[in-house]
Amino acid sequence: MGPLPRTVELFYDVLSPYSWLGFEILCRYKNIWNVHLQLRPSLIAGIMKSSGNKPPALVPSKGKYLTNDIKLLGQHVQVPIRIPKDFFSVILEKGSLSAMRFLTAVNMEHPEMLEKVSRELWMRVWSRDEDITEPGSILAAAEKAGMSTEGARALLEKISTPQVKNQLKETTEAACKYGAFGLPVTVAHLDGQTQMLFGSDRMELLAYLLGEKEASALKPSTALPGAVESASDMREFLHPGEKWMGPVPSAVSARL
Amino acid sequence: MGPLPRTVELFYDVLSPYSWLGFEILCRYKNIWNVHLQLRPSLIAGIMKSSGNKPPALVPSKGKYLTNDIKLLGQHVQVPIRIPKDFFSVILEKGSLSAMRFLTAVNMEHPEMLEKVSRELWMRVWSRAAEKAGMSTEGARALLEKISTPQVKNQLKETTEAACKYGAFGLPVTVAHLDGQTQMLFGSDRMELLAYLLGEKWMGPVPSAVSARL
């Protein structure tokens, strides 16, 4: 029997398009790397409030950049992301409270459905520009994911219970305790330490970190011309880590 | 003869550690991909002012995150970055105006030296392994005298404005001139996406030395 899988937590909110990108990449790699992926439905509004951060799109040139960045990444990562027509209304006014409470309830009662239902909610808001705030919208996503109407309705009734509200609050606080100021946040539980990574663009770094064993004595890096590193800081990992095969790893690897 | 190399501009400031990471990755790939890399010394303070953005470290949890992120990326990208003890003093107070005017002058008169001198400046600010900057040569002194001339000041201003026109709100900014369109990418973490847009192969941040010699 080989080494134990390492736990990788993914804190996400379906309101966050970059969360969708990170989610799809990790869902692909969970069957390739030796990891145990734990999905953590969270509320990005809560994280912003807690950290004092603000949605990036509030800086006009950032907002403009993001719309193009998301489009390009969607192509590269092969996720059918489209910017909703009324972007600001979706993010700042409508939000995702009910949807994330629903996913919290799914995670509590039918965790095996969490990945699919999450994906269907993203498809609604971030691919087809459809609502995710009305009960009917959430039910439609759950049914598309394969839940029965009765099962989905039963869960929907639970979203205003203290248990579900508190669970979402706790998960969001856990992300904040890890240092989150936005989403997605990936937390890798490595031998002896925990690493928090922000963004959908830290997956190649995650692959590198998953190879970490105890740092041995170092050897100077030859990659940087003329560089002289101090021995105590440049770590040489004993193992090369998991393999990064880009955001769309081959289906063949997945079946191994 | 093969296809013409595509122009890739890199707008950077030595005050920006992420600029250093992006710079090193592109300097490695410039001999592997079919690109013409044009280094564009810019002033991050000017870009912040122009865009209304603020340095990320002003949000406490972002600042905390950045110091670890830079350390990890330094290991992954094999660049000896260390956060200076007086991090905020370096970024917010000391700034980089003279250094970037100096690099602007280097680019105007000795562009072949721009890569090395940029690297030396990063090493001074962002690495405990700082070597002597090599700026004590006569040539360097002559350049230093030019940094307060209108020509050099204006050139830095123009380069910074060019970055802003491309939509920059921070650095590093990479601008890829593709067939029929221009794409602006922000951050040292968009190099794999750049490869995809160029139709080139991404081999991680430290591509094999073998490929470089082909």
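Residues numbered from 1 in each chain as written. Chains lettered and ligands numbered in written order. Predicted model: local features only at pLDDT ≥ 70, side-chain atom pairs only at ≥ 80, totals over all residues. Heavy atoms only, no water.

1. Some points on the side chain of Ser127(B)
Residue and element names in this part refer to chain B.
Line of reasoning, step 1. Residue placement: Ser-127 occurs in the loop between helix H6 (114-126) and helix H7 (138-146).
Line of reasoning, step 2. On the accessibility criterion, Ser-127 (5% relative accessible area) is buried.
Line of reasoning, step 3. Polar contacts involving the side chain of Ser-127 include one to the main-chain carbonyl oxygen of Pro-80, which spans 2.9 Å.
Line of reasoning, step 4. Ignoring any residue separated from it by four or fewer positions in sequence, one finds Ser-127 in contact with Trp-20, Pro-80, Arg-82 and Trp-122. (Helix = DSSP H or I, 4+ residues; strand = E, 2+ residues; numbered from the N terminus. Buried < 20%, exposed > 50% of the residue type's maximum accessible area, 1.4 Å probe, protein only. Polar contact = N/O pair within 3.5 Å; in protein donor to acceptor, adjacent residues only side chain to side chain. Contact = heavy atoms within 4.5 Å.)

2. With respect to the UniProt feature "active site" (unreviewed entry) in chain B
All names here are of chain B.
Line of reasoning, step 1. Listed under "active site" (unreviewed entry) in the UniProt record, and renumbered for this structure, are Ser-16.
Line of reasoning, step 2. The class for Ser-16 is buried, based on a relative accessible area of 4%.
Line of reasoning, step 3. Setting aside residues no more than four positions away along its own chain, Ser-16 makes contact with Ile-44, Trp-122, Trp-126, Leu-171 and Pro-172. (UniProt positions renumbered as here; feature names shortened; annotations may be inferred.)

3. Looking at the packing of helix H1 (residues 17-29) of chain A against helix H3 (residues 60-77) of chain A
All names here are of chain A.
Line of reasoning, step 1. Axis separation between H1 and H3 bottoms out at 10 Å; the angle between their running directions is 15 degrees. What the angle tells us is that H1 and H3 run roughly parallel. The two elements H1 and H3 cross, and the hand of that crossing is left-handed. Within the contact between the two elements, H1 uses Pro-17, Tyr-18, Leu-21, Ile-25 and Arg-28 and H3 uses Leu-66, Asp-69, Ile-70, Leu-73, Gly-74 and Val-77. (Axes fitted to C-alpha atoms, helices over the stretch in contact; angles between N-to-C directions. Parallel < 35°, antiparallel > 145°, perpendicular 65-115°, else oblique. Left-handed = near helix turned anticlockwise from the far one by under 90°.)

4. Topic: the pattern of salt bridges
Line of reasoning, step 1. This structure, assessed with the given rule, holds 19 salt bridges over all chains.
Line of reasoning, step 2. Its salt-bridge partner being Arg190(B), residue Asp69(A) comes within 2.8 Å of it at the nearest N-O pair. Of this pair, Asp69(A) sits in helix H3 while Arg190(B) sits in the loop between strand S4 (181-186) and helix H9 (191-198), placing the two residues on different chains.
Line of reasoning, step 3. A relative accessible area of 2% means that Asp69(A) is categorised as buried.
Line of reasoning, step 4. With its nearest N and O atoms 2.9 Å apart, the salt bridge here joins Arg190(B) to Asp201(A). Here Arg190(B) is found in the loop between S4 and H9, whereas its partner Asp201(A) is found in the loop between strand S4 (193-198) and helix H10 (203-209) on a different chain.
Line of reasoning, step 5. Each member of the salt-bridge network shares a partner with another, and the members are Asp69(A), Asp201(A), Arg202(A), Asp69(B), Asp189(B) and Arg190(B). (Salt bridge = Lys/Arg side-chain N within 4 Å of Asp/Glu carboxyl O.)

5. Structural notes on the nonpolar core
Line of reasoning, step 1. By size, the foremost hydrophobic cluster in this structure holds 143 residues, and its most contacted members are Trp33(A), Phe102(A), Leu206(A), Trp33(B) and Leu194(B).
Line of reasoning, step 2. Here Leu206(A) is in contact with Val8(A), Leu26(A), Trp33(A), Thr186(A), Ala188(A) and Leu197(A), once residues within four sequence places are set aside. (Core = buried A, V, L, I, M, F, W, Y, C linked by side-chain atoms within 4.5 Å.)

6. Brief notes about helix H5 (residues 97-109) of chain B
Line of reasoning, step 1. With 13 residues, H5(B) extends 18 Å from end C-alpha to end C-alpha; this agrees with the ideal 18 Å at 1.5 Å per step.
Line of reasoning, step 2. Listed in full, the buried residues belonging to H5(B) are Ala99(B), Met100(B), Arg101(B), Phe102(B), Leu103(B), Thr104(B), Ala105(B) and Val106(B). (Expected span 1.5 Å × (residues − 1).)

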